[in-house]
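# Results of the structural survey
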Amino acid sequence: MDDDTRYEAVTSRDARFDGEFFFAVKTTGIYCRPSCPAVTPRRQNVRFFPSAAAAQGHGFRACRRCRPDAVPGSAEWNARADVVGRAMRMIGDGVVDREGVPGLAGRLGYSTRQVQRQLTAEVGAGPVALARAQRAHTARVLLQTTSLPVTEIAFASGFASVRQFNDTIRQIYARTPSGLREEAGTRATKAGVAASAGVPLRLAHRGPYATKETFDLLAAEAVARVEEVVGAPGARTYRRTLRLPHGTAVVAVDEAAPAHTAARQGWLDARIHLTDLRDLTTAVQRLRRLFDLDADPYAVDERLGADPRLAPLVARTPGLRSPGAADPDECAVRALAGRDRAAALVETYGKRLDLPCGTLTHLFPEPDALAAHPDPHLAALAAALADGALRLDAGADREEAARVLRTLPGMAETTVRTILTRALGDPDVGPAGADAWRPWRSYALRHLEVEPAAEQ
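Residues numbered from 1 in each chain as written. Predicted model: local features only at pLDDT ≥ 70, side-chain atom pairs only at ≥ 80, totals over all residues. Heavy atoms only, no water.

Taken together, the side chains of Val300, Leu304 and Leu310 define a hydrophobic patch exposed on the protein surface, amounting to about 210 Å² of accessible area. With a relative accessible area of 37%, Val300 lands in the partly exposed category. (Patch = residues over 30% accessible without salt bridge, like charges linked within 9 Å, V, L, I, M, F, W, Y side chains within 5 Å. Areas by Shrake-Rupley, 256 points an atom, 1.4 Å probe, with all protein chains shown as cover. Salt bridge = Lys/Arg side-chain N within 4 Å of Asp/Glu carboxyl O. Buried < 20%, exposed > 50% of the residue type's maximum accessible area, 1.4 Å probe, protein only.)

Written as structure tokens, this is what we have:
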């Protein structure tokens, strides 16, 4: 895409490109998403950036009207398997906040200088700037949706000091933290008061979202005590427990019916209860991967709709997604064990929540707890995950993960492909063999009304 094409997208306020690039106006010093409803600036006054961090690095502040920091992520970073794609996924998961740039580089197997150079060349900003932009967005969410004191929000967002927090907020939003809070009408409480009601969020996505099909799949796969789908179709809520770097969480995401405002305007309503607010960014990113919120349904539908046999199905159910995993290690164990055995593993090896939330009482067992399981196949997988021989985190090397998986005993090719697809989001793998297509056939017959004769 060249700059003239980008400007056409800005002129038409095309929401399909939100998150794919950003534009800034030199005369106002503001950067926006392509669909910003403000008056379209003159072409000579516009600059384009591949990321919000790049725009911020050039001195532009976020538009108060279109909130460019709240757009979906680029689908490119989830699809790519190179060092830049892996780095972007890990930064989103909070690795820089927890381990710094040396930790990120070490996980990638590159020097800090190489990582800096490659990210700057393709994204327009280095890892520190990208993590800083993400921290600022987390801070804005906490300021405008919770009553936590500003000092607690500063450290919960990942800032090293209150001064750094204040300077960043002023630079990016042209507002003080208190000013951002006043805009949303929230008030601070005394220090030490937890966000017991949880953090309410809007998880943005681009284009249509087939929520019914996604929630059907999550309900069919739900493992008791760890996750559940409650409510009537069209108004269901998916709930689950999460183990995070600093603590635990219980998350809830609402299904949006087609007539609902959220479905029309492009977001899923969610609420996250955290034991440690520093995990907010990581929890949000894992929910985004689970619900495939950064996908580009326009590109998917265009490609599939070009096939005359698939075109009627695409037209009937736009916005189908490929759900991922909130916890990649858990996904691998469940793929090997199956749903019923996974529920038994939770009951026997899972850690109980300190504060159970209804029927959600456990965390899925960690690989360490399963490494001595009597099933040698399950024990081998758990041991590989526990000792780092197999990595399935946000920045894992997909080819290396596939190689290790295929060396483990009892690991069928179908299971390997399921793990690569769901846990690592690999777009270039699919079910292997005729048997593997049976659940996909059932899914198509149930949701897309495919004629059996059209299965071929």
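Turning to the packing of helix α4 (residues 83–92) against helix α7 (residues 127–145), a few remarks are in order. Packed helix pairs are specified by the crossing angle of their axes together with the interaxial distance, meaning the distance between the axes. Where α4 meets α7, the closest approach of the two axes is 10 Å, and the angle between their N-to-C directions is 40 degrees. The element α4 and its partner α7 pack so that their crossing is right-handed. In contact with Met88, Ile91 and Gly92 of α4, α7 contributes Pro127, Leu130, Ala131 and Gln134. Each residue belonging to the contact of α4 with α7 can be placed in one class, and the counts come to five nonpolar, two polar and no charged. (Axes fitted to C-alpha atoms, helices over the stretch in contact; angles between N-to-C directions. Helix = DSSP H or I, 4+ residues; strand = E, 2+ residues; numbered from the N terminus. Left-handed = near helix turned anticlockwise from the far one by under 90°. Contact = heavy atoms within 4.5 Å. Nonpolar A, V, L, I, M, F, W, Y, C, P; charged D, E, K, R; others polar.)

Time to look at empty space enclosed by the protein. Evaluation of the coordinates by the stated rule reveals one cavity of 30 Å³ or more. Taken as a whole, the largest cavity encloses approximately 40 Å³ of empty space. Every residue lining the largest cavity is listed: Arg240, Thr241, Leu242, Arg243, Asp327, Glu330, Leu363 and Phe364. When residues of the lining of the largest cavity are assigned to their parent elements, the largest contribution, four residues, is made by strand β7 (residues 237–243). Classifying every residue of the lining of the largest cavity by side-chain character gives three nonpolar, one polar and four charged. (1 Å grid on protein atoms, 1.4 Å probe; cavity = no way out; pocket = protein on both sides within 12 Å on 5 of 7 lines; lining within 4 Å. Points joined across faces, edges and corners; volume = space filled by probe spheres on them.)

Another aspect to go through is the sheet that holds strand β1 (residues 22–25). Ordered by their spatial adjacency, four strands build an open sheet running β3-β1-β2-β4, and the pairing between neighbours is mixed. Unpaired on one side and paired on the other, β3 (46–49) and β4 (61–62) mark the two borders of the sheet. Inspection of the sheet shows β1 paired to strand β2 (residues 30–32) by three bridges, in the antiparallel sense. Across the sheet, residue Phe23 finds its bridge partner in β2, namely Cys32. Helix α1 (residues 3–11) contacts β1 and β3 of the sheet and is inclined by roughly 105 degrees relative to β3. (Pairing = 2+ DSSP bridges.)

For helix α19 (residues 376–386), the complete set of buried residues consists of Leu378, Ala379, Leu381, Ala382, Ala384 and Leu385. In this fold, the buried residues of α19 make contact with α16 (328–337), α17 (339–349), α18 (367–370) and α20 (398–407). For α19, the side-chain oxygen to backbone nitrogen distance between the N-cap and His377 is 2.9 Å, and the N-cap itself is Asp375. Just downstream of α19, Gly388 is the residue with a positive phi angle, here 85 degrees. (Polar contact = N/O pair within 3.5 Å; in protein donor to acceptor, adjacent residues only side chain to side chain.)

The predicted model of the chain has a mean per-residue pLDDT of 88, with 91% of residues at 70 or higher. Across residues 190–195, confidence stays below pLDDT 50; counting only partners more than four residues off in sequence or on other chains, it has eight contacts. Low pLDDT (under 50) marks residues 433–456, which in the prediction has 25 contacts with non-local residues, meaning those over four places away or in another chain. (pLDDT = per-residue confidence, 0-100.)

This part is about the nonpolar core. Membership of the largest hydrophobic core comes to 50 residues, with the highest contact counts inside it found for Tyr31, Leu203, Ile272 and Phe291. Beyond its immediate stretch of four places on either side in the chain, Ile272 contacts Gly198, Val199, Leu201, Ala249, Val250, Val251, Leu280, Ala283, Val284 and Leu287. By size, the runner-up hydrophobic cluster in this structure holds 32 residues, among which are Val226, Ala332, Leu370 and Met411. (Core = buried A, V, L, I, M, F, W, Y, C linked by side-chain atoms within 4.5 Å.)

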